Amino acid sequence: MQAVIDRVGAAAARHDAAQADRRDRWRVLEPDAGRFLWFLAQATGARGIVEVGTSRGVSTLWLADAARATGGRVTSFDTDAAAQRDAAANLAEAGLAEQVDLRLGDGGAGLAELDDGAVDLLFLDAERTEYPSWWPHPVRVLRPGGVLVADNALSHPDEIAPLERLLRRDLRAVTTIPVGKGELVAVAGERAV
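Model, not experiment: these values are computed from the prediction.

**Focus on the side chain of threonine 54**
Its location among the elements puts threonine 54 in the loop between strand E1 (48-52) and helix H3 (58-70). Contacts of threonine 54, omitting those with residues within four sequence positions, involve Ser59, Thr60, Ser76, Phe77, Asp78, Gln84, Ala87 and Leu102.

Rendered as structure tokens:
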């Protein structure tokens, strides 16, 4: 798995350096943020793991490896078909394809279709400005004690601020962990919205 992550990370750095428009970049998760997600998923015993923003599958690989250890499964949403094809190939190369259900489509719509309390760990790494429009689904789908993690809390604080306000209003514990580009982390209380 680590060899695949390293290869994709190096390819992403080369690709992204040539892209002027951030939407054309692969935007793969930083290694320390990946290890943080991997640890968090295992520490919480997460079995129902949902990711919004597959990209080339680096974060998906970290989550899938944790899911293999917990007996869980990852559902990963992305709107980019080419990115999901690359992610599928990377997961297969790492021997983790069985742990992941890749879904082509909007993450907000995908969350709206999930059952209440069905998710142990939700990782948001998509268009940050869209998160508030998905409300209340990001917290509704969390089980009590479930964890929501949103990437880019330090690199794009203005774009994450509306989500953070909603989380502070509706969940019991919210903080930012300074790994990668900053991970906003929140824990669902006994009654998620």
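**Describing the layout of surface pockets**
Considered as a void within the structure, the largest pocket measures approximately 670 Å³ in volume. Looking at the largest pocket, it is lined by 32 residues, and the ones nearest its centre are Arg27, Asp78, Asp125, Ala126 and Glu127.

**Some remarks on the sheet that holds strand E5 (residues 142-151)**
Ordered by their spatial adjacency, seven strands build an open sheet running E3-E2-E1-E4-E5-E7-E6, and the pairing between neighbours is mixed. Each edge of the open sheet is held by one strand with a lone partner, namely strand E3 (100-104) and strand E6 (173-177). Within the sheet, the average angular offset between the axes of one strand and its neighbour, ignoring direction, is 15 degrees. Note that strand E4 (residues 119-124) and E5 share five bridges and pair parallel. Directly across from leucine 121, in E5, lies its bridge partner valine 147. Sitting on the sheet, helix H2 (residues 31-43) is in contact with E1, E4, E5, E6 and strand E7 (183-187), with an inclination near 170 degrees to E4.

**Quick look at the packing of H2 against H3**
When two helices pack together, you describe them by how their axes are tilted relative to each other and by the distance separating the axes. Following both chains from N to C, one finds H2 and H3 inclined at 25 degrees, their axes separated by 9 Å at the closest point. The angle between H2 and H3 falls in the class roughly parallel. Crossing of H2 over H3 shows right-handed handedness. The segment H2 lies against H3, with Pro31, Gly34, Arg35, Leu37, Trp38, Ala41 and Gln42 engaging Ser59, Trp62, Leu63, Asp65, Ala66, Ala69 and Thr70. Here the contact of H2 with H3 is built from residues that sort into eight nonpolar, four polar and two charged.

**Some remarks on the nonpolar core**
Ile49, Val58, Leu61, Leu63, Leu121, Val147 and Val149 are the most contacted members of the largest nonpolar core, which has 34 residues in total. Those elements that provide at least two residues to this core are helix H1 (2-17), H2, H3, E4, E5 and E7. No other element matches H3, which puts seven residues into this core. Excluding residues within four positions of it along the chain, valine 149 makes contact with Leu37, Leu40, Leu121, Leu122, Phe123, Leu124, Glu183, Leu184 and Val185. Of all hydrophobic cores here, the second largest spans 26 residues; its members include Val50, Val52, Leu114 and Val139.

**Comments concerning H3**
Under the 1.5 Å per step criterion, the end-to-end length of H3 is 19 Å for 13 residues, consistent within 8% with the ideal 18 Å. For H3, the full list of buried residues reads Val58, Ser59, Thr60, Leu61, Trp62, Leu63, Ala64, Asp65, Ala66, Ala67 and Thr70. Phi turns positive one or two residues past the end of H3, at glycine 71, with a value near 80 degrees.

**Examining the pattern of salt bridges**
Applying the stated criterion across every chain, the model contains twelve salt bridges. The salt bridge partner of glutamate 127 is arginine 27, with a shortest N-O separation of 3.4 Å. Separated by 100 residues along the polypeptide, glutamate 127 in the loop between E4 and helix H6 (137-140) and arginine 27 in the loop between H1 and H2 bring together distant segments of the chain. Its relative accessible area of 24% is what places glutamate 127 among the partly exposed residues. Ionic pairing is found between aspartate 170 and arginine 169, a salt bridge with its closest N-O pair at 2.8 Å. Taking relative accessible area as the criterion, aspartate 170 reaches 15% and is therefore assigned buried.

**Let's talk about the pairing of E6**
Of the pairings in the sheet, the one linking E6 to E7 comprises five bridges and is antiparallel in character. Bridged to valine 174 within E7 is alanine 186. Counting the residues that bridge the hairpin from E6 to E7 gives five residues, and of these glycine 180 lies at a positive phi of roughly 55 degrees.

So, how was this worked out
Residues numbered from 1 in each chain as written. Predicted model: local features only at pLDDT ≥ 70, side-chain atom pairs only at ≥ 80, totals over all residues. Heavy atoms only, no water. Helix = DSSP H or I, 4+ residues; strand = E, 2+ residues; numbered from the N terminus. Contact = heavy atoms within 4.5 Å. 1 Å grid on protein atoms, 1.4 Å probe; cavity = no way out; pocket = protein on both sides within 12 Å on 5 of 7 lines; lining within 4 Å. Points joined across faces, edges and corners; volume = space filled by probe spheres on them. Pairing = 2+ DSSP bridges. Axes fitted to C-alpha atoms, helices over the stretch in contact; angles between N-to-C directions. Parallel < 35°, antiparallel > 145°, perpendicular 65-115°, else oblique. Left-handed = near helix turned anticlockwise from the far one by under 90°. Nonpolar A, V, L, I, M, F, W, Y, C, P; charged D, E, K, R; others polar. Core = buried A, V, L, I, M, F, W, Y, C linked by side-chain atoms within 4.5 Å. Buried < 20%, exposed > 50% of the residue type's maximum accessible area, 1.4 Å probe, protein only. Expected span 1.5 Å × (residues − 1). Salt bridge = Lys/Arg side-chain N within 4 Å of Asp/Glu carboxyl O.

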